[in-house]
Amino acid sequence: MSAPKVSVVLPVYNVAAYLPKCLDSLLNQTLQEIEIVCVNDCSPDNSLQILQQYAAKDSRVKIINQANTGPGIARNNGIKAATGEYVGFVDPDDWADKEMYEKMYAAAVKHNADIVECGVRTHNEKNGKTKEKKGFAAIADNKAISAAEYPEYVFDGITSGWNKLCRRAFLLANDIYYSDGRAAEDHYFTVAARLKAQTAVCLPEPLYNYLVRASSLTQSPSKANLKVPLFLAEIAELIGKWEGREQNSNPLPSLFACDAAGLAAIHYRRVPEENRTEYLELCAQNLPDEANQLFTDFIKPYTLKDKIFSLRHTVKGIQKYKVYSILGLKLRVKA
């Protein structure tokens, strides 16, 4: 049998209740020339048994077993084992629309793209509400782009790996990988891929379905978040070496400061309270000065004096803002 057009990498850990729906959505894709590379991260439930049942019925399901080292390393091992021309990533509690990979692969071929991204539909498990997110496709609808042309694309809000299709040879040639942590481990991967891609295509259609779970790893306080400042330092180094524009006209450092400050603030709130001093020290040591100052302003609690009058800086996405507090009222203006 010829090599598959798409390999879908699926890290699996303690998701037996969700796994069948995810696997069914992948095996029922209208693009049949795919393989599903399932990386069992030493799951303590019966997820492995479910994988084995599916593999026995469909040869496109391949299973890799590894020690419990987290989703980042699981995805990296999946990339190494994949044989497809393009590689996609799905979380095992999510699912894909049946035409997702056919449409994304067609766009990749049409534009000879290194990356294709699609819109996302989020499903809140607790309240049943759904939302649609287009990401950068709201600007670059079905258009071939690059970081040199649209630097703001590099830090677009959907930095998870699961709504993306990447040329496998491109990932290997550029040594693009997931961080080895268990928190925001796909942020470095996405920024590096967007930065180095010659051509990227954004499809606005929400083809990926993301389940918001209160019990998921990303929502739980954990020391794993202490690694976030470390991979942000890696991104800063990557940006410093970027040759897409002359350095004196390079907007990426400023855009990165906003992105890093916002991400650092999100994960500061997910660090156990007893580890927050250590987290602050790691941010001071690893973030660029501008990013660390924005982050510090972002998380600082408002005192009574601040409510009477204060000026702070904050970020939303990749936009900086000045926040004036006057007699308890807040006024936010673009910086």
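Note: the structure precedes this text.
In what follows, the accompanying structure is described. Owing to the predicted nature of the structure, the values given are computational and were not obtained by experimental measurement. (Residues numbered from 1 in each chain as written. Predicted model: local features only at pLDDT ≥ 70, side-chain atom pairs only at ≥ 80, totals over all residues. Heavy atoms only, no water.)

1. Observations regarding the overall build of the protein
- Helix and strand counts for the protein stand at 11 helices and 13 strands.
- Counting the 335 residues in the protein, one finds 53% classified as buried.
- Contacts in the protein between residues far apart in sequence, at least 24 positions, make up 74% of those at least 6 positions apart. (Helix = DSSP H or I, 4+ residues; strand = E, 2+ residues; numbered from the N terminus. Buried < 20%, exposed > 50% of the residue type's maximum accessible area, 1.4 Å probe, protein only. Contact = heavy atoms within 4.5 Å.)

2. Details of the environment of Ile158
- Relative to the elements of secondary structure, Ile158 occurs in the loop between strand 8 (144-145) and strand 9 (164-167).
- When its relative accessible area of 11% is taken as the criterion, Ile158 is described as buried.
- For the pair Ile158 and Gly119, spaced 39 residues apart in the sequence, the C-alpha separation amounts to 9.0 Å.
- The contacts of Ile158, once residues within four sequence positions are left out, are Glu117, Val120, Lys133, Lys134, Gly135, Asn163, Lys164, Thr190 and Arg194.

3. Side note on the packing of aromatic side chains
- According to the stated counting rule, one finds 11 aromatic pairs in the structure shown.
- Ring geometry for Tyr268 and Tyr279: centres 6.0 Å apart, planes at 45°, overall tilted. Here Tyr268, found in helix 8 (residues 252-268), pairs with Tyr279, found in helix 9 (residues 276-286); they are 11 residues apart in sequence, far enough to count as distant. The two residues Tyr268 and Tyr279 agree in class, both being buried. (Phe/Tyr/Trp six-rings, centres within 6.5 Å; stacked < 30°, edge-to-face > 60°.)

4. What about the packing of helix 9 against helix 10 (residues 289-299)?
- Packing of helix 9 against helix 10 leaves a shortest axis separation of 9 Å and a crossing angle of 150°. Judged by the inter-axis angle, helix 9 sits roughly antiparallel to helix 10. In terms of crossing hand, the pair formed by helix 9 and helix 10 is left-handed. Contacts from Tyr279, Leu280, Cys283 and Ala284 in helix 9 reach Asn292, Phe295 and Ile299 in helix 10.
- Taken together, the residues of the contact of helix 9 with helix 10 break down into 6 nonpolar, 1 polar and no charged. (Axes fitted to C-alpha atoms, helices over the stretch in contact; angles between N-to-C directions. Parallel < 35°, antiparallel > 145°, perpendicular 65-115°, else oblique. Left-handed = near helix turned anticlockwise from the far one by under 90°. Nonpolar A, V, L, I, M, F, W, Y, C, P; charged D, E, K, R; others polar.)

5. Brief notes about the nonpolar core
- Residues Phe155, Leu232, Ile235, Tyr279 and Phe295 are the most contacted members of the largest nonpolar core, which totals 58 residues.
- Taken together, the elements giving at least two residues each to this core come down to strand 4 (86-89), helix 5 (168-173), helix 6 (187-196), strand 10 (200-212), helix 7 (228-240), helix 8, helix 9 and helix 10.
- Ranked by residue count, the leading element in this core is helix 8, at 10 residues.
- Apart from residues lying up to four places away in sequence, Phe295 is in contact with Ala261, Ala264, Ala265, Tyr268, Tyr279, Leu280 and Cys283.
- In terms of nonpolar packing, the next biggest core, distinct from the first, is built from 40 residues, Leu51, Val90, Tyr101 and Cys118 among them. (Core = buried A, V, L, I, M, F, W, Y, C linked by side-chain atoms within 4.5 Å.)

6. A short note on helix 7
- Over its 13 residues, helix 7 runs 19 Å from end to end, which matches the ideal 18 Å to within 8%, given 1.5 Å per residue.
- Every buried residue of helix 7 is listed here: Val228, Pro229, Phe231, Leu232, Ile235, Leu238 and Ile239. Seen end-on, helix 7 carries its buried residues on one side only, within an arc spanning 165°.
- Residues of helix 7 that are buried sit in contact with helix 6, helix 8 and helix 9. (Expected span 1.5 Å × (residues − 1). Arc of directions from axis to C-beta.)

7. Some thoughts on the pattern of salt bridges
- In this structure the tally under the stated criterion is 17 salt bridges.
- Residue Glu205 pairs with Lys103 through a salt bridge whose shortest N-O separation is 3.0 Å. In this pair, Glu205 sits in strand 10 while Lys103 sits in helix 4 (residues 100-111), placing the two residues 102 residues apart along the sequence.
- With a relative accessible area of 36%, Glu205 lands in the partly exposed category.
- A salt bridge links Asp180 to Lys227; the nearest nitrogen and oxygen atoms lie 3.1 Å apart. Here the residue Asp180 occupies a position in the loop between helix 5 and helix 6, and Lys227 occupies one in the loop between strand 10 and helix 7, the gap between them amounting to 47 residues. (Salt bridge = Lys/Arg side-chain N within 4 Å of Asp/Glu carboxyl O.)

8. So, the environment of Arg269
- Within the element layout of this structure, Arg269 appears in the loop between helix 8 and helix 9.
- For Arg269, a relative accessible area of 47% puts it in the partly exposed group.
- For the pair Arg269 and Ser222, spaced 47 residues apart in sequence, the C-alpha to C-alpha distance is 9.9 Å.
- Non-local contacts of Arg269, meaning those with residues more than four positions away in its chain, are made with Arg276 and Phe298.

9. Considering the pairing of strand 4
- Neither face of strand 4 is exposed, since Tyr86 and Gly88 on one face and Val87 and Phe89 on the opposite face are all buried.
- With 4 bridges joining them, strand 1 (residues 6-12) and strand 4 adopt parallel strand pairing. Its bridge partner lying in strand 4, Val6 is registered against Tyr86.
- Of the strand pairs in this sheet, strand 4 and strand 9 are connected by 3 bridges, and their pairing is antiparallel. Residue pairing across strands places Gly88 opposite Leu165, the latter belonging to strand 9. (Pairing = 2+ DSSP bridges.)

10. Considering the side chain of Asp94
- Summarising the element assignment, Asp94 is placed in the loop between strand 4 and strand 5 (95-96).
- We note that Asp94 is buried and unpaired, the nearest opposite charge coming from Arg213 at a distance of 6.9 Å.
- Among the polar contacts made by the side chain of Asp94, one reaches the main-chain amide nitrogen of Leu211 at a distance of 2.9 Å.
- Discounting chain neighbours no more than four positions away, the residues touching Asp94 are Cys22, Trp162, Tyr208, Asn209, Tyr210 and Leu211. (Lys, Arg positive; Asp, Glu negative; His and termini not counted. Polar contact = N/O pair within 3.5 Å; in protein donor to acceptor, adjacent residues only side chain to side chain.)

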